[in-house]
Amino acid sequence: TAGALCSGPRLKKCLLRTFPVASWLPRYSIRENALGDFISGISVGIMQLPQGMAYALLAAVPPVFGLYSSFYPVLVYFIFGTSKHISLGTYAVLSVMIGGVTERLAPDSDFMVWDNVTNSSMVDTTVRDAERIKVAAAVTFLSGIFQVIVLGLVQFGFVVTYLSEPLVRGYTTGAAIHVIVSQLKYTFGINPVRHSGPLALIYTVIELCYLLPQTNIGTLVVSIVAIVGLILAKELNSYLGKKLPVPIPVELIAIIVATVISWQVDVEGKYGVDVVGLIPSGLQPPVFPEVSLFGQVIGDAFALSVVGYGIAISLGRIFALKYGYKVDSNQELVALGLSNSFGGIFQCFAISCSMSRTLVQESTGGKTQIAGALSAIVILFITLWIGALFEDLPKAVLAAIIYVNLHGMMKQFLDIPLLWRTNKIDMMVWVVTFILTVLLNPDLGLAAAIGFSMLTVIFRTQLPKYSALGRVPNTDIYRPLENFNQVRNVPGILIFRSSATLYFANAEMFQDALGRKSGIDITKALSAKKKLEAKKKRHEKKMAKDVKKAEKALKMNGVEQVESRLREKWKQQKEVAIIEVEAERDPSLLRTIILDLSTVNFLDTVGIKTLRNIQKDYEEIGVEVVLASCQSNVVEHLETGGFFNDKVTKSCLFNSIHDAVLHFSASTLEVKPFIIY
């Protein structure tokens, strides 16, 4: 099918778009890029080792599967990805989301066995871990399918545009709290009961507080020493950053030192410190995920696909803008989706890009995804030959690495005072997203946060700012009268603008605001018209009687006397009618309303009906209503919505406000009051 659709030059273009590596790899400059990519690839690969093992704990799977997740998906992205700088691999937020799924579907309570030696029940970790690996692989594979088919091929990637920056930063900060709480059990050496669903974090914290007296002192000491050492080393790294060609691999040094000390001291046997345990050498054979699990993880998979893509495309665009190239958003979806679906077959868990690794990849000279491929080769080397050396690594050290790596996310709390000063609605989105993520867990929290963000958009369009515009003297510029001192009102003309589009949610408020700005209570004006029409009928009946009386008087009096009396009577009644109407509306103030629709980008049936009613009502009291600055699609909506007819033609449309003003200012028609007679 692809060959039939893409033949000749089209086939080449199709292949280059599907496999971006084929477009840049043949033109790869060894002289310009090789050294930087080599150094960058080695540096990132060294970072992938501790981060992969640590984030595997977040996903509630054995640490070695974090190494697999840093290998297979990275190679797939090398072939299909379009960003030159992002570093794909394990990511804390996605890992904790997967951990929530694995522990929900494979809790410890399902794998309790009786130990005849201790006469107590214990968890069969081997069987439990095997089941959790199946769950993680299933949700990862399904999230990849969502990214490729639902979001990528259908080009549904625009859904990520609803993830605004305040929402993403509030969400990642809330997820970081989940990450921290999930690792406290490794810091204190305790085993709290796993809670799931809304408020699970609160229940977990309460459970942790209850178990604090059971803290393993050896584990706590290891944690404190590791955290303090990592913080000091990171600060030293920052201080010497400009002087060193590559950053010091702090995390790698930490796990090497911790592993050696743990092995020499035997912290597991003497102090009961939990260690990583068996790390099998080699790679896992491919296994298709269990289809029976898909129905239980479909919601989690979709959330993973959206969050993973949102983080990756945000970072990708930042570096693409910095270095002057383009990132194809839909191709990125396909690349991430294939990375996850392929990784799920090899028992990896969902991946995205990491800010810390990406910054290292860029700062150490990485210019292409060759650096990413080299980092994968480093992980492959470690997995095949070196991984078993880290079996004595304390899990508390991996938890410490996670804590220290989250300092960037914790700094996002500083967004709150900044947003308070710049945009309070964005600040509200940040805070509410954070609270919802903490209370409802990352999956439900994301859905609720997107819903709240949409509500803020609706409220902002439902409550827009309405303005009466005036003209800057001797120009064709029109600005709100209340905001500019030099703007002057155009005599006899009201120029009305809404700051938002016109649709069902704000149509009634649009009419009310127009009435306030025009100074005309249209309901009272129309009511006065009806009263005058009724008075007209009464006057007509009375005049009919007067005519009959006049006919009789003609027989008795002279013609001139009768005509004089009738003329005087008509004049009196006419003056009374004019005075009553002018009491409702002074025609010298307003004769034309120009509706500026430049901010309107669509019209629904309610909006069209509102414009039709406005034009009809004001026309009835002698005020002409016209539309200015309509976008072409708005005109199409007016046509299909039946706005135009024999009485209302396209002559009421003007290309700009100034065109309409010139038209009515140059009119030679006098201001005519509305008169019944």
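Residues numbered from 1 in each chain as written. Predicted model: local features only at pLDDT ≥ 70, side-chain atom pairs only at ≥ 80, totals over all residues. Heavy atoms only, no water.

Asks: It is not clear to me how the overall build of the protein chain should be interpreted in this structure. Could you clarify?
Replies: Helix and strand counts for the protein chain stand at 27 helices and ten strands. Across the 677 residues in the protein chain, those meeting the buried criterion constitute 48%. A fraction of 81% describes how many contacts in the protein chain between residues 6 or more apart in sequence connect residues 24 or more apart. Total accessible area computed for the protein chain in this model is approximately 34200 Å², and 62% of it derives from carbon and sulfur atoms. (Helix = DSSP H or I, 4+ residues; strand = E, 2+ residues; numbered from the N terminus. Buried < 20%, exposed > 50% of the residue type's maximum accessible area, 1.4 Å probe, protein only. Contact = heavy atoms within 4.5 Å. Areas by Shrake-Rupley, 256 points an atom, 1.4 Å probe, with all protein chains shown as cover.)

Asks: Is there a simple way to think about the UniProt feature "transmembrane region" (unreviewed entry) in the protein chain in this case?
Replies: The sites that UniProt annotates as "transmembrane region" (unreviewed entry) are residues 55-80, 135-163, 211-232, 244-265, 301-321, 333-357, 369-390 and 434-459. Helix makes up 73% of residues 244-265 and strand 0%, and the two end C-alpha atoms of the span are 34 Å apart. When the span residues 333-357 is considered, its composition is 64% helix and 8% strand, and the gap between its end C-alpha atoms is 20 Å. (UniProt positions renumbered as here; feature names shortened; annotations may be inferred.)

Asks: Which parts of the structure should I look at to understand the sheet that holds strand β5 (residues 466-471)?
Replies: Sheet strands associate in pairs through backbone hydrogen bonding, adopting either a parallel or an antiparallel arrangement. Strand order in the open sheet formed by six strands is β6-β5-β7-β8-β9-β10, and the pairing between neighbours is mixed. Pairing within the sheet leaves two strands with one partner each, and these edge strands are β6 (478-480) and β10 (653-654). Two strands pair when backbone bridges link them, and strand β9 (residues 624-628) and β10 are joined in this way by two bridges, in the parallel orientation. What sits directly across from Ala628, in β10, is Phe654. Against the sheet, helix α25 (residues 605-620) makes contact with β8 (590-596) and β9, and its axis sits at roughly 145 degrees relative to β9, the strand it touches most. (Pairing = 2+ DSSP bridges. Axes fitted to C-alpha atoms, helices over the stretch in contact; angles between N-to-C directions.)

Asks: I'm lost on the nonpolar core in this one. Help?
Replies: One recurring pattern in soluble globular proteins is that nonpolar side chains are buried together. By size, the foremost hydrophobic cluster in this structure holds 100 residues, and its most contacted members are Met53 and Leu398. The residues touching Met53, leaving out its near neighbours within four places in the chain, are Pro63, Leu67, Val276, Ile279, Phe390, Leu393 and Leu398. Counting 48 residues, the second largest nonpolar core, distinct from the first, contains Ile593, Tyr618, Val634 and Ile657. (Core = buried A, V, L, I, M, F, W, Y, C linked by side-chain atoms within 4.5 Å.)

Asks: When you look at the side chain of Glu103 in this model, what are you seeing that I'm missing?
Replies: Structurally, the position occupied by Glu103 is in helix α7 (residues 92-105). Apart from the residues lying within four places of it in its own chain, the contact partners of Glu103 are Ala60, Arg132, Lys185 and Arg194.

Asks: When you look at a nonpolar patch on the surface in this model, what are you seeing that I'm missing?
Replies: Residues Leu236, Tyr239, Leu244, Ile248, Ile253, Val257, Ile261, Val265 and Tyr271 make up a contiguous nonpolar surface patch of about 800 Å² in total accessible area. Top element by residues in the nonpolar patch is helix α12 (residues 250-265). It accounts for four residues. In this fold, Ile253 is placed in helix α12. On the basis of relative accessible area, Ile253 is assigned to the partly exposed category, the value being 43%. (Patch = residues over 30% accessible without salt bridge, like charges linked within 9 Å, V, L, I, M, F, W, Y side chains within 5 Å. Salt bridge = Lys/Arg side-chain N within 4 Å of Asp/Glu carboxyl O.)

Asks: Mind showing me how you'd approach the packing of aromatic side chains here?
Replies: In this description, an aromatic ring pair is defined by two values, namely the gap between the centres and the angle between the planes. All told, the structure shown has 21 aromatic pairs when counted by the stated rule. Here Phe381 and Trp385 contribute two aromatic rings whose centre-to-centre distance is 5.3 Å and whose plane-to-plane angle is 50 degrees, an arrangement assigned as tilted. With Phe381 and Trp385 both in helix α17 (residues 370-386) and four residues apart, the pair spans about one turn of that helix. Under the relative-accessibility criterion, Phe381 is labelled partly exposed at 43%. For Trp385, a relative accessible area of 60% gives the class exposed. Ring centres of Phe496 and Phe510 lie 5.2 Å apart, and the angle between their planes is 85 degrees; this geometry places the pair in the edge-to-face category. One end of the pair, Phe496, is in strand β7 (residues 492-498); the other, Phe510, is in helix α22 (residues 507-518), and 14 residues separate them in sequence. Both residues of the pair, Phe496 and Phe510, count as buried. One aromatic cluster is present, formed by Phe71, Tyr72, Phe342 and Phe346 through successive ring pairs. (Phe/Tyr/Trp six-rings, centres within 6.5 Å; stacked < 30°, edge-to-face > 60°.)

Asks: Looking at this model, I keep getting lost on the pairing of β9. Mind explaining?
Replies: Regular strands show a simple pattern: their side chains alternate between the two faces of the sheet. With four of its five residues buried, β9 lies for the most part within the structure. Two elements, β8 and β9, share five bridges in a ladder whose sense is parallel. Of the residues in β9, the one forming a bridge with Leu595 is Leu627.

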